[in-house]
Amino acid sequence: GENVEQHPSTLSVQEGDSAVIKCTYSDSASNYFPWYKQELGKRPQLIIDIRSNVGEKKDQRIAVTLNKTAKHFSLHITETQPEDSAVYFCAASFYNTDKLIFGTGTRLQVFP
Amino acid sequence: EAQVTQNPRYLITVTGKKLTVTCSQNMNHEYMSWYRQDPGLGLRQIYYSMNVEVTDKGDVPEGYKVSRKEKRNFPLILESPSPNQTSLYFCASSNSYEQYFGPGTRLTVT
């Protein structure tokens, strides 16, 4: 079936450094790629998303890049802060529907 | 305020005792979904619904039932809960892709 692979599963960085999380997807018809942040004990919250007609999108310190040919997309966080510590999930749409296939998550720890 | 609500937020029950977790959204979304979250396994979809009276199995539907009789509500039913259904459950809804998650229901089955 369709799936999304996410790497790494854990990532530790020093405050101020950059963090990169990568995902690959299998469904060539996927056209929507969101990233969710889940803080401890809370619900996943959308932080940025990208659609298939765009190669890159940026929002302050976070950016997402998409390579449709290679079927992978990445989340980039620059100038990391301790409050960026959380679990991050990537996802890809299932064909052209609202159904999302999620990656298994990356636990990001930012040390002061 | 636009939101997805779930009840109860916490539930401890015993094996075999039927239970229902309610989910409601006030955003007039057509798509609704249930996920379970277990350590190291991410968010796995249980069931989803594209619209009223339309439901379909996700990746882990065994042991669960759902119904979608009205647009705003999408209850999750465990007819005979077992300990392997101990998990954190999230309901979500969306229109045009962006999914909004409920606050989660932590279920423990002993």
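Predicted, not measured: the structure shown is a model, and the values here were computed from it.

(A) Geometry of the state of the cysteines. Residues and elements named next belong to chain B. Using the criterion set out here, one finds two disulfides over all chains in the structure. With its sulfur 1.8 Å from that of its partner, Cys23 forms a disulfide with Cys91. Disulfide Cys23-Cys91: the torsion about the S-S bond is -70°, which places it as left-handed. Within this pair, whereas Cys23 is found in strand E3 (residues 19-25), its partner Cys91 is found in strand E9 (residues 87-94), the two being separated by 68 residues in sequence. Cys91 shares its class with Cys23; the two are buried.

(B) Seen up close, the confidence of the model for chain A. Across chain A, pLDDT averages 93, with 99% of residues at or above 70. The spread of mean pLDDT over the elements of chain A runs between strand E10 (residues 100-102) of chain A, the lowest at 91, and strand E2 (residues 10-14) of chain A, the highest at 98.

(C) Layout of the side chain of Asn31 of chain A. When you line up the elements, Asn31 of chain A lands in the loop between strand E3 (19-25) and strand E4 (32-38). Excluding anything up to four places from it in sequence, Asn31 of chain A contacts Ile50, Arg51, Ser52, Ser93, Tyr95 and Asn96 of chain A together with Tyr97 of chain B.

(D) Molecular detail of the interface of chain B and chain A. Taken together, the contact between chain B and chain A spans 22 residues of the former and 19 residues of the latter. Contact between chain B and chain A buries roughly 1700 Å² in total, counting both sides, with carbon and sulfur atoms accounting for 54%. The largest contributions to the chain B side of the interface with chain A come from Leu43, Tyr97 and Phe101 of chain B, which together make up 40% of the buried area. In this assembly, chain B and chain A are joined by zero salt bridges.

(E) Highlighting the packing of aromatic side chains. Per the stated rule, a full pass over the model turns up 13 aromatic pairs over all chains. Considering the side-chain rings of Trp35 of chain A and Phe73 of chain A, the 5.6 Å spacing of their centres and the 65° angle between planes classify their relative orientation as edge-to-face. In this pair, Trp35 of chain A sits in strand E4 while Phe73 of chain A sits in strand E8 (residues 72-77), placing the two residues 38 residues apart along the sequence. You can call Trp35 of chain A buried: its relative accessible area is 0%. Among the residues examined, Phe73 of chain A registers a relative accessible area of 0% and is labelled buried. An angle of 70° between the planes, with centres 6.1 Å apart, marks the rings of Phe102 of chain A and Phe101 of chain B as edge-to-face. Note that Phe102 of chain A is positioned in strand E10 and Phe101 of chain B in strand E10 (residues 99-101), a pairing that runs across two chains.

Cut-offs applied
Residues numbered from 1 in each chain as written. Chains lettered and ligands numbered in written order. Predicted model: local features only at pLDDT ≥ 70, side-chain atom pairs only at ≥ 80, totals over all residues. Heavy atoms only, no water. Disulfide = S-S within 2.5 Å. Helix = DSSP H or I, 4+ residues; strand = E, 2+ residues; numbered from the N terminus. Buried < 20%, exposed > 50% of the residue type's maximum accessible area, 1.4 Å probe, protein only. pLDDT = per-residue confidence, 0-100. Contact = heavy atoms within 4.5 Å. Buried area = accessible area lost by both parts, 1.4 Å probe. Salt bridge = Lys/Arg side-chain N within 4 Å of Asp/Glu carboxyl O. Phe/Tyr/Trp six-rings, centres within 6.5 Å; stacked < 30°, edge-to-face > 60°.

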